[in-house]
Amino acid sequence: MGFRLASIRTRRVSFTADTAASKPVGVPKGCLAVYVGEEMKRFIIPISYLNQPSFQELLGKAEEEFGYDYPMGGLTIPCKEDVFIEVTSRLNGQ
């Protein structure tokens, strides 16, 4: 399982989080929103993360658990919030 995106320019973007219950914030160009953890916290991440093997593992878990039917209406990652932050922090540091 994996997504392949051709020729994406990488740029440094800090990911942000807010609660799913709060007012949704627009997603900047080149980013996407994902929901993570038991509280379904919303994170904005760069699309370039989709090409990274460590992030593709998280996407594989999402596919196993939800298929393509996401309960929050957006991409939902079924892992603990601290695991997600660890993975994305490593990707952000590259």
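Placed above this text is the structure.
Please read all numbers here as calculations on a predicted model, not as lab measurements.

Reading guide: rules and limits
Residues numbered from 1 in each chain as written. Predicted model: local features only at pLDDT ≥ 70, side-chain atom pairs only at ≥ 80, totals over all residues. Heavy atoms only, no water. Helix = DSSP H or I, 4+ residues; strand = E, 2+ residues; numbered from the N terminus. Buried < 20%, exposed > 50% of the residue type's maximum accessible area, 1.4 Å probe, protein only. Expected span 1.5 Å × (residues − 1). Salt bridge = Lys/Arg side-chain N within 4 Å of Asp/Glu carboxyl O.

Visitor: I'd like a description of unusual backbone geometry, backed by residues and values.
Guide: Phi angles above zero are rare outside glycine, and Met 40 is one such case at about 50°. As for its position among the elements, Met 40 is in the loop between β2 (31-36) and β3 (41-46).

Visitor: Please give an account of the environment of Ile 44 that cites residues and values.
Guide: Locating Ile 44 in the fold gives a position in strand β3. A residue is classified by how much of its surface remains accessible, and Ile 44, at 9% relative accessible area, is buried.

Visitor: Quick rundown of helix α1 (residues 53-66)? Include the residues and the values.
Guide: Under the 1.5 Å per step criterion, the end-to-end length of α1 is 20 Å for 14 residues, consistent within 8% with the ideal 20 Å. Buried within α1 we find Phe 55, Gln 56, Leu 58, Leu 59, Gly 60, Ala 62 and Phe 66. Phi for Gly 67, located one or two positions after α1, is positive at around 65°.

Visitor: So, the pattern of salt bridges: which residues are in play, and what are the values?
Guide: Between side chains of opposite charge, a pair can form as their charged atoms come close. Counted according to the given criterion, the structure contains 2 salt bridges. Here Glu 81 makes a salt bridge to Lys 41, at a shortest N to O gap of 3.2 Å. One end of the pair, Glu 81, is in helix α2 (residues 81-92); the other, Lys 41, is in strand β3, with 40 residues separating them in the sequence. Using a relative accessible area of 27% as the deciding quantity, one classes Glu 81 as partly exposed. Classification of Lys 41 as partly exposed rests on a relative accessible area of 26%. Close ionic contact of Arg 90 with Glu 86 constitutes a salt bridge, the shortest N to O distance being 3.2 Å. A residue pair is termed a helical-turn pair when its members lie 3 or 4 positions apart in one helix, as Arg 90 and Glu 86 do in helix α2 at 4 residues. Exposure remark for Arg 90: the relative accessible area of 47% places this residue in the partly exposed category.

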